[in-house]
Structure formats: structure tokens, C-alpha cells
Amino acid sequence: MPAIDPHIISTPEGLLALSGPLTDASIKKETDHVHPLYAEIIAASPFLTLATLGPNGLDISPRGDPAGFVELLDAKTLLLPERRGNNRIDSLRNLIHDPRVALLFLVPGVGETLRVQGTAKISVAPEMISRFLIDGKPPKCVLVVSVEKVFFQCARAIQRSLLWANRDPHAPRRVPTAGAILAAITAGDFDGESYDRELPARQKATLY
């Protein structure tokens, strides 16, 4: 019998000891629908990654178009156009096998990203396709995403990577702040202004 490596964490208890308890903000930022402030982030995003699961395992691939290319049909439904590509259609093949998806939205110059989890169907309905014409050219299909979970991811990974380091630091922010989102989602129970005011120092102190 192989020896057990004491440095491998394989239990929930081990993970909790490693990471510590969830913060209040980490819990309260999660919704089961697209809150209006989360919708602003989606509208400002020109790029996302799409994760799917198929018989050959996990896959993740990029999607991009002019900002706002993902449409909000309602608070529980997103529409994502599928443009022409290399015809591997790995994501689409996976969706036939397993409808579960995860999306990660990025906004240039903004540290926070937006995570969306749910399920997706592949639609070729003419009324869906016609919503996404660019220069008269339609997408191949549209992914209709049923939203189950939405929350923003903190900015530390973007800060560590210097992903937006060459952008104008004085350019106005185009999407709601983390504190504004928390305050809105909790109907004012969360002190968003204090959270935003203290966030830069807290992120700097806990970046590594």
C-alpha cells in the first residue's frame, strides 16, 4: 500500500484549516440571479472564458466581441452568441453531454471579475440568431444560459498579474465597485462605502 503523503490536503477540514473561514463579504456577494449591478459588469465586458465538462474531461475556452456581446434576457437568463472558430466545437460537444457551464467575465482596467454558474442550451432559433448580427453576419448559434449562481471575484489575481498595468490609472471606472455591489445586494445592510475605502489597503496587505 503506498505511503500517505502528509502534505496532501484531501479533506474539507484540511481545506478549512488552510484557508480559514469565509468572510462576510464572500458570503453576501453571491446571488442566484443577475443583480442589476452585476448586469452592468456583463454589459461592460468584451471578453469571457467559458468552462464546460464533457466525456473527455474539463474544457475552458475564450469568447469575445464588442462590450455587451452577452445579453441579459432576464435576471435568470443570459444569451451568449457562438461565432465562427476553428470548428473544434469542444464547448458545444461538451454541452450535449453535460449542460453545466461556468463563465468568467473580465472588464479592461477593472480588478474584479464576475463568475456565473448555471446550465446552457444550444439554440439556433431565428429570433435568437438575429439578435447578434455583426456586419450582417449571424453567429453559428446562441447559448441560452440558465443562471444559478453569480458573484464577483476579488481583484487580487488581476493585481498580482499586472494584467491592466499599462492602462491609464486615471481612466474612469465603468462598472460598480465591490462595495456598491455588496451594499445593493444586501439592501444597505452591508457598509459598501467603508468596504471600498478600506479595500485597497486590505488587498495590498493580503496580496501574497
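Computed from a predicted model, the values in this text were never measured in an experiment.

(A) Highlighting the pattern of salt bridges. Under the definition given, this model contains 8 salt bridges. Arg131 is the partner of Glu71 in a salt bridge, and the nearest nitrogen-oxygen pair spans 2.8 Å. Within this pair, whereas Glu71 is found in strand 3 (residues 71-74), its partner Arg131 is found in the loop between helix 5 (126-129) and strand 7 (141-153), the two being separated by 60 residues in sequence. By relative accessible area, which is 23% here, Glu71 ends up partly exposed. The exposure class assigned to Arg131 is partly exposed, which follows from its relative accessible area of 38%.

(B) Focus on a nonpolar patch on the surface. A cluster of nonpolar residues, Ile9, Leu15 and Leu18, forms a patch on the protein surface that exposes about 300 Å² of accessible area. Within the secondary structure, Leu15 is located in helix 1 (residues 12-19). The exposure class assigned to Leu15 is partly exposed, which follows from its relative accessible area of 49%.

(C) Expanded view of the side chain of Glu112. Note on placement: Glu112 falls in the loop between strand 5 (100-106) and strand 6 (113-123). When its relative accessible area of 10% is taken as the criterion, Glu112 is described as buried. Here Arg173 takes part through its side chain, which lies 2.9 Å from a polar atom of the side chain of Glu112.

(D) Inspection of the nonpolar core at higher detail. Judged by nonpolar contacts, the single largest core of 38 residues is most densely connected at Tyr38, Leu78, Leu103, Phe105 and Leu114. Ranked by residue count, the leading element in this core is strand 7, at 7 residues. Setting aside residues up to four positions removed in sequence, Phe105 forms contacts with Ile42, Ser45, Phe47, Leu48, Val70, Leu78, Thr113, Leu114 and Val116. With 6 residues, the next largest nonpolar core counts Leu79, Met128, Ile129 and Phe132 among its residues.

(E) Local environment of the sheet that holds strand 1 (residues 47-54). Spatially, the 7 strands line up as an open sheet ordered 2-1-5-6-7-4-3, and their pairing is antiparallel. Each edge of the sheet is formed by a strand with only one pairing partner; in this case those strands are strand 2 (57-64) and strand 3. Averaged over all pairs of adjacent strands, the angle between their axes in this sheet comes to 35 degrees, without regard to strand direction. Pairing between strand 4 (residues 77-82) and strand 7: 6 bridges, direction antiparallel. Opposite Glu82, over in strand 7, you have Cys141 as the bridge partner.

Reading guide: rules and limits
- Residues numbered from 1 in each chain as written.
- Predicted model: local features only at pLDDT ≥ 70, side-chain atom pairs only at ≥ 80, totals over all residues.
- Heavy atoms only, no water.
- Salt bridge = Lys/Arg side-chain N within 4 Å of Asp/Glu carboxyl O.
- Helix = DSSP H or I, 4+ residues; strand = E, 2+ residues; numbered from the N terminus.
- Buried < 20%, exposed > 50% of the residue type's maximum accessible area, 1.4 Å probe, protein only.
- Patch = residues over 30% accessible without salt bridge, like charges linked within 9 Å, V, L, I, M, F, W, Y side chains within 5 Å.
- Areas by Shrake-Rupley, 256 points an atom, 1.4 Å probe, with all protein chains shown as cover.
- Polar contact = N/O pair within 3.5 Å; in protein donor to acceptor, adjacent residues only side chain to side chain.
- Core = buried A, V, L, I, M, F, W, Y, C linked by side-chain atoms within 4.5 Å.
- Contact = heavy atoms within 4.5 Å.
- Pairing = 2+ DSSP bridges.
- Axes fitted to C-alpha atoms, helices over the stretch in contact; angles between N-to-C directions.

Note that all results are geometric; they support no functional claim without further evidence.
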